[in-house]
Amino acid sequence: MMTKAEIKKAQKNLEKWRKSHEDIDALKKAYWESIPEQVRASMAFEGEHVSIKMLKKHLKTLKRDLRK
């Protein structure tokens, strides 16, 4: 169970995050940047370990291909 101080800190961090992502472009960028860590966590859950560096490189390739 979280303490009142931990809850207050989490709320403050969430508020800060929301303010920095009010713009749709900032929100999209944050989402794209989170994909490698999401994939890494999912793969680790399945017992497969992947390199964040490789995932970030692949994401750049995907972004470049989407722009074409």
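Higher on the page you've got the structure.
This text gives an overview of the structure that appears in the document.

1. Some details on the overall build of the protein
- A tally of helices and strands in the protein yields three helices and zero strands.
- Helices and strands in the protein line up, N terminus first, as α-α-α.
- For 68 residues, the compact-globule estimate of 2.2 N^0.38 gives 11 Å, and the protein exceeds it by more than 25% at 16 Å.
- Its C-alpha atoms give the protein principal-axis dimensions of about 45 × 35 × 15 Å.
- Going through the 68 residues of the protein one by one, you find that 7% of them count as buried.
- Accessible area of the protein: about 6,500 Å², with a carbon and sulfur share of 58%.
- Taken together, the 18 basic and 10 acidic charged side chains of the protein have centroids lying 5 Å from each other.

2. Digging into a nonpolar patch on the surface
- On the surface, a nonpolar cluster with roughly 370 Å² of combined accessible area is contributed by Leu-14, Trp-17, Ile-24 and Leu-27.
- Those elements that place two or more of their residues in the nonpolar patch are helix H1 (4-20) and helix H2 (24-45).
- Structurally, the position occupied by Trp-17 is in helix H1.

3. Details of the pattern of salt bridges
- Summed over all chains, the structure comprises two salt bridges.
- Of the charged contacts, one joins Lys-29 and Glu-33 as a salt bridge, the two residues approaching to 3.5 Å between their closest N and O atoms. One end of the pair is Lys-29 and the other is Glu-33, both in helix H2 and four residues apart, which spans about a single turn.
- Owing to a relative accessible area of 52%, Lys-29 belongs among the exposed residues under this scheme.

4. Considerations on helix H3 (residues 52-67)
- An ideal rise of 1.5 Å per residue puts 22 Å on 16 residues; H3 measures up with 23 Å between its terminal C-alpha atoms.
- Measuring from the backbone nitrogen of Lys-53 back to the side-chain oxygen at the start of H3 gives 3.2 Å, which picks out Ser-51 as the cap.

5. Digging into the packing of H2 against H3
- Their axes nearest at 9 Å, the elements H2 and H3 cross at an angle of 135 degrees. Overall, the two elements H2 and H3 adopt an arrangement that is oblique. The hand of the H2/H3 crossing is right-handed. Side by side, H2 and H3 meet where Trp-32, Ile-35, Pro-36, Glu-37, Val-39 and Arg-40 of the first sit next to Ile-52, Leu-55, Lys-56, Leu-59, Lys-63 and Leu-66 of the second.

Procedures and definitions
Residues numbered from 1 in each chain as written. Predicted model: local features only at pLDDT ≥ 70, side-chain atom pairs only at ≥ 80, totals over all residues. Heavy atoms only, no water. Helix = DSSP H or I, 4+ residues; strand = E, 2+ residues; numbered from the N terminus. Rg over C-alpha atoms; globule rule 2.2 N^0.38 Å. Buried < 20%, exposed > 50% of the residue type's maximum accessible area, 1.4 Å probe, protein only. Areas by Shrake-Rupley, 256 points an atom, 1.4 Å probe, with all protein chains shown as cover. Lys, Arg positive; Asp, Glu negative; His and termini not counted. Charge placed at Lys NZ, Arg CZ, Asp CG, Glu CD. Patch = residues over 30% accessible without salt bridge, like charges linked within 9 Å, V, L, I, M, F, W, Y side chains within 5 Å. Salt bridge = Lys/Arg side-chain N within 4 Å of Asp/Glu carboxyl O. Expected span 1.5 Å × (residues − 1). Polar contact = N/O pair within 3.5 Å; in protein donor to acceptor, adjacent residues only side chain to side chain. Axes fitted to C-alpha atoms, helices over the stretch in contact; angles between N-to-C directions. Parallel < 35°, antiparallel > 145°, perpendicular 65-115°, else oblique. Left-handed = near helix turned anticlockwise from the far one by under 90°. Contact = heavy atoms within 4.5 Å.

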